[in-house]
Amino acid sequence: YQNTWLMHHHAAVKSSRHKAGLIVMEHILQYINEFHNISSSRMNYIASYFRPNNRFANRVFGGAAKALNDQRKCSLDDFAYLRYQPARASEGLTAPWTLEPAVPDDLHIMQDWYDEISGGLLIDALDLGPGSDKMDEEISREYENAGFHRDRHLHALKKDDELMAVLVVNNADLGLNMSDLTNCIQVLVLDQKQLRTDILFQSLSLLSKYYVRNDIPVLIYPSSFADDNSIRFDKTYELTILNLEFMSPYLQFMQNLTMHRAKNSIRTNINS
């Protein structure tokens, strides 16, 4: 993204002695802290997907967002993840439903909707506001110059010209594809009451032309839409985004977490 770095696959072998996960996290944060003030880094936000049932990730990433207690400083948004297999080629939607490239007015509407239901950083950090098409062209060109492929297409799903959802088609080389989260369709559902699941899946079928694979990874936001409409999904992801203007309180939370663990370790060793 223009000003966002995506942190992937933070993992470590479990070790009660060395606390490897926290050590790795400390090194990552030191790098970010020293690098983000350099203007050429274009690092205004750090984003990361994590599974809320992962105790470590939830404690670190989820805990930091709760500690900052402000969606404009560090936001949390939940997605339902599933793999969709189009049964057959779709012939298109029938009136009053349409699926067409999103225009700036659609993205303005989505911005207002997101601000109301979340108030977080997703739209800004993931370049989903008006003018995103120019940003995407620039980034795709940079990837191409480096010998890679990355592009994105935004589509507006409407009923009687009223915006129901925005579908974001992400396409990247397999080598850049992290758990399918950078090579998937993100569905942002604005109207959870009017959007029908059959229309949604028909739309996904239409967009399957962008992929050579048979099953398409899909992220649905908010995840409650999948729950409320009995859509079977494999897992839930939280997307956390940190505004690096608030790096200091984020680091303070991490230091407190590290110190807390260190004290517990010392106490355990003394007791033993």
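Presented here is an overview of the structure given in this document. (Residues numbered from 1 in each chain as written. Predicted model: local features only at pLDDT ≥ 70, side-chain atom pairs only at ≥ 80, totals over all residues. Heavy atoms only, no water.)

With respect to helix α3 (residues 104-117)
Inclusion rule: Note on conventions: DSSP H or I runs of at least 4 residues are helices, E runs of at least 2 residues are strands, and numbering of each starts at the N terminus. Here, expected helix span is obtained from the residue count minus one, scaled by 1.5 Å. Only protein chains enter the accessibility calculation, which uses a 1.4 Å probe; a residue is then buried when its area is under 20% of its type maximum, exposed when over 50%, and partly exposed in between.
For α3, spanning 14 residues, the distance from its first C-alpha to its last is 20 Å, which sits close to the expected 20 Å at 1.5 Å a residue. What α3 keeps buried is the set Asp-106, Leu-107, Met-110, Gln-111, Trp-113 and Tyr-114. Taken from the residues just after α3, Gly-119 is the one with a positive phi, measuring 75 degrees.

Brief notes about the packing of aromatic side chains
The criterion, for reference: Each Phe, Tyr or Trp ring (for Trp, its six-membered ring) is paired with any other whose centre lies within 6.5 Å, and the angle between the two planes then decides the class: stacked below 30 degrees, edge-to-face above 60, tilted in between. A ring is considered to have a charge above it if a Lys NZ or an Arg CZ atom is located within 6 Å of its centre and within 35 degrees of its normal.
In this structure the tally under the stated criterion is 10 aromatic pairs. Between the aromatic rings of Tyr-31 and Phe-35, the centroid separation amounts to 5.3 Å while the plane-to-plane angle is 40 degrees, which identifies the pairing as tilted. Here Tyr-31 and its partner Phe-35 are both found in helix α1 (residues 20-35), 4 residues apart, which amounts to about one turn of the helix. Residue class for Phe-35 comes out partly exposed when judged on its relative accessible area of 24%. Ring geometry for Phe-50 against Phe-61: centres 5.7 Å apart, planes inclined by 35 degrees, an arrangement best described as tilted. Here Phe-50 is found in strand β2 (residues 45-50), whereas its partner Phe-61 is found in helix α2 (residues 55-68), with 11 residues between them in sequence. Taken as a pair, Phe-50 and Phe-61 share a single burial class, namely buried. Members of the aromatic cluster, joined through ring pairs, are Tyr-49, Phe-79, Tyr-81, Trp-113, Tyr-114, Tyr-221 and Tyr-237. Its end group placed over the ring of Tyr-237, Arg-51 keeps NZ or CZ at 6.0 Å from the ring centre. The ring centre of Tyr-1 lies 5.7 Å from the NZ or CZ of Arg-150, which sits over that ring.

Points about the pattern of salt bridges
As a reminder, the rule being used: We define a salt bridge as a contact between a side-chain nitrogen of Lys or Arg and a carboxyl oxygen of Asp or Glu at a distance within 4 Å.
If you walk through the whole model with that rule in mind, you get 12 salt bridges. Among the salt bridges present, the one from Lys-158 reaches Asp-106, with a minimum N-O distance of 3.0 Å. In this pair, Lys-158 is assigned in strand β5 (residues 150-159) and Asp-106 in helix α3, connecting sequence segments 52 residues apart. For the residue pair Lys-158 and Asp-106, the accessibility class agrees, reading buried in each case. Asp-198 is the salt-bridge partner of Arg-196, the closest N and O atoms lying 2.7 Å from each other. A residue is classified by how much of its surface remains accessible, and Arg-196, at 42% relative accessible area, is partly exposed. The network of salt bridges with shared partners includes Arg-83, Asp-180, Arg-213 and Asp-215.

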